[in-house]
Amino acid sequence: MLASFSAELFKIRKRTVFWLVGAVWMTLTLVFGYVFPYFSYNGNPTGPAFGGRAAAEQVLSQALPESLASSAIQGFPLFAGALAMLIGVLCAGGEYGWDTMKMLFTQGPRRLSVLGGKLAALLVLMLGIVVVTFVVDGAAAWLIAAVESRPMNWPSIGALARGVLSGWLIVGMWATAGLFLATMVRGTALAAGLGLVWALAVENLMRVFASVIGPVDVLQRFFPGTNAGALAAALGVTPQGQPGGTPGVTTAVSGTQAAIVLLAYVVLFAAASLFVVRQRDVT
């Protein structure tokens, strides 16, 4: 499995598509986390009808160093989660189309070693992207604070560590979900389509009906997107529906339950992928 892990990391470094998705990820986190709040602050009316200066200051505070632990992961439950799922799909789906998996399973190491190395490499990749996200966002927060002559009040090491680990858990769950879908359908297009429809459409619709249908409310509390949003909310991200709220973020469940459910999903998706690969013939 170690050899498969090393080979998978090598393939990830050499595939342009992963660098492209990473560039899109960093661009979105900067635009929605820092560029829009900063320009909104500068163009925000400050009269009584608009909430006064306090409202403008609240907008700016989201882009200052003190809010880094929450600002860096505010997009993880939705857009970053969708990109993480796409990365998971690309890690496995393309190789089925190229018949690489067939050759590996028939001439290479054991199937579980191949997929185990792929899963480990995928989770390492997600951790690396999360860390880079915090570094990039930290640089943006420092720049805004310097331009606006604001104090550099950085979060504590513990708060940053919780933010990194929580972000890793969120996107790691979506990435393993993408890998599972690609393994199930042995391809990329259908797996990506199914995953994105679920993450961006189905769960949001279920949340709408959850307010009027009791059983749906109970069910959606165990959905992956709901728990990803709840974990982000537990770290200080403003929930959707509140002023300045972030889409996909919710307080439907506690942060503790969200972390447990997301970890269970990571284990479930990984185990299901391993089971499918072990039991199904590769043709």
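Since we're looking at a predicted model, the values are computed, not measured. (Residues numbered from 1 in each chain as written. Predicted model: local features only at pLDDT ≥ 70, side-chain atom pairs only at ≥ 80, totals over all residues. Heavy atoms only, no water.)

Asker: Explanation requested: the overall build of the protein chain in the structure shown.
Answerer: Each helix and strand counted, the protein chain has 12 helices and zero strands in total. Scanning the protein chain from its N terminus toward the C terminus, one meets helices and strands in the order α-α-α-α-α-α-α-α-α-α-α-α. Its C-alpha atoms give the protein chain principal-axis dimensions of roughly 70 × 45 × 30 Å. Of the contacts made within the protein chain by residues no fewer than 6 positions apart, 79% connect residues no fewer than 24 positions apart. When the accessible surface of the protein chain is totalled, it reaches about 13300 Å², and 71% of it is carbon and sulfur. Positive and negative side-chain charges in the protein chain, numbering 16 and 10 respectively, have mean positions lying 10 Å apart. (Helix = DSSP H or I, 4+ residues; strand = E, 2+ residues; numbered from the N terminus. Contact = heavy atoms within 4.5 Å. Areas by Shrake-Rupley, 256 points an atom, 1.4 Å probe, with all protein chains shown as cover. Lys, Arg positive; Asp, Glu negative; His and termini not counted. Charge placed at Lys NZ, Arg CZ, Asp CG, Glu CD.)

Asker: Whenever I open this one, unusual backbone geometry confuses me. Can you help?
Answerer: Across residues other than glycine, the phi torsion is negative in most instances, and most of the peptide bonds are trans. The backbone phi angle of S149 is positive, close to 55 degrees, even though this residue is not glycine. Mapped onto the fold, S149 is located in the loop between α7 (111-147) and α8 (157-185). Judged by its relative accessible area of 65%, S149 is exposed. Phi angles above zero are rare outside glycine, and R186 is one such case at about 55 degrees. Within the element layout of this structure, R186 appears in the loop between α8 and α9 (189-210). (Buried < 20%, exposed > 50% of the residue type's maximum accessible area, 1.4 Å probe, protein only.)

Asker: Honestly, the packing of helix α1 (residues 2-14) against α7 in this entry has me stumped. Any pointers?
Answerer: For any two helices packed against each other, the geometry comes down to the angle between their axes and how far apart the axes lie. Contact geometry for α1 and α7: axes closest at 8 Å, N-to-C directions at 50 degrees. Here α1 lies oblique to α7, going by the angle between them. The hand of the α1/α7 crossing is right-handed. For the pair α1 and α7, the contacting residues are S4, F5, E8, L9, K11 and I12 in the first and S113, V114, G117, K118, A120, A121, V124 and L125 in the second. Partitioned by chemical class, the residues of the contact of α1 with α7 number eight nonpolar, three polar and three charged. (Axes fitted to C-alpha atoms, helices over the stretch in contact; angles between N-to-C directions. Parallel < 35°, antiparallel > 145°, perpendicular 65-115°, else oblique. Left-handed = near helix turned anticlockwise from the far one by under 90°. Nonpolar A, V, L, I, M, F, W, Y, C, P; charged D, E, K, R; others polar.)

Asker: It is not clear to me how the packing of helix α11 (residues 224-234) against helix α12 (residues 255-279) should be interpreted in this structure. Could you clarify?
Answerer: Running from amino to carboxyl end, α11 crosses α12 at an angle of 135 degrees, the nearest separation of the two axes being 8 Å. Accordingly, the angle class assigned to the pair α11 and α12 is oblique. In the packing of α11 onto α12, the handedness of the crossing is left-handed. Along the contact surface, α11 presents P224, N227, A228, A230, L231 and A234, while α12 presents G255, Q257, A258, A259, V261, L262 and Y265. When grouped by side-chain class, the residues that make up the contact of α11 with α12 number 10 nonpolar, three polar and no charged.

Asker: How do you make sense of a nonpolar patch on the surface when you look at a structure like this?
Answerer: A contiguous nonpolar patch, built from W142, L143, V147, M152 and W154 and spanning about 500 Å² of accessible area, is present on the exposed surface. Tracing the backbone through its elements, the reader meets M152 in the loop between α7 and α8. Classification of M152 by relative accessible area gives partly exposed; the value is 32%. (Patch = residues over 30% accessible without salt bridge, like charges linked within 9 Å, V, L, I, M, F, W, Y side chains within 5 Å. Salt bridge = Lys/Arg side-chain N within 4 Å of Asp/Glu carboxyl O.)

Asker: What is the right way to look at the packing of aromatic side chains in this model?
Answerer: For the coordinates displayed, the defined rule picks out seven aromatic pairs. When the ring of F32 is compared with that of F79, the centres are 6.3 Å apart and the planes differ by 40 degrees; the resulting orientation is tilted. One end of the pair, F32, is in helix α2 (residues 16-43); the other, F79, is in helix α5 (residues 76-97), and 47 residues separate them in sequence. Here a set of aromatic residues connected by ring pairs shows up, and it is made of F32, F36 and F79. (Phe/Tyr/Trp six-rings, centres within 6.5 Å; stacked < 30°, edge-to-face > 60°.)

Asker: What exactly am I supposed to notice about the nonpolar core here?
Answerer: Soluble globular proteins tend to bury their nonpolar side chains together. W25, F76, I87, M126, M173 and W174 are the most contacted members of the largest nonpolar core, which totals 72 residues. Mapped onto this core, the elements with two or more residues apiece are α2, α5, α6 (100-107), α7, α8, α9, α11 and α12. Looking at which element gives the most residues to this core, the answer is α7, with 14 residues. Other than its neighbours up to four places away in sequence, I87 contacts F18, V21, W25, L122, L125, M126 and I129. (Core = buried A, V, L, I, M, F, W, Y, C linked by side-chain atoms within 4.5 Å.)

Asker: Is there a simple way to explain the pattern of salt bridges in this structure?
Answerer: Close approach of charged atoms lets side chains of opposite charge pair. Within the structure shown, the criterion is met by two salt bridges. With its nearest N and O atoms 3.1 Å apart, the salt bridge here joins K11 to E8. In this pair, K11 and E8 are both assigned in helix α1, three residues apart and thus about one turn of the helix distant. K11 gets classed as partly exposed once you look at its relative accessible area, which sits at 26%. With relative accessibility at 5%, the residue E8 sits in the buried group.

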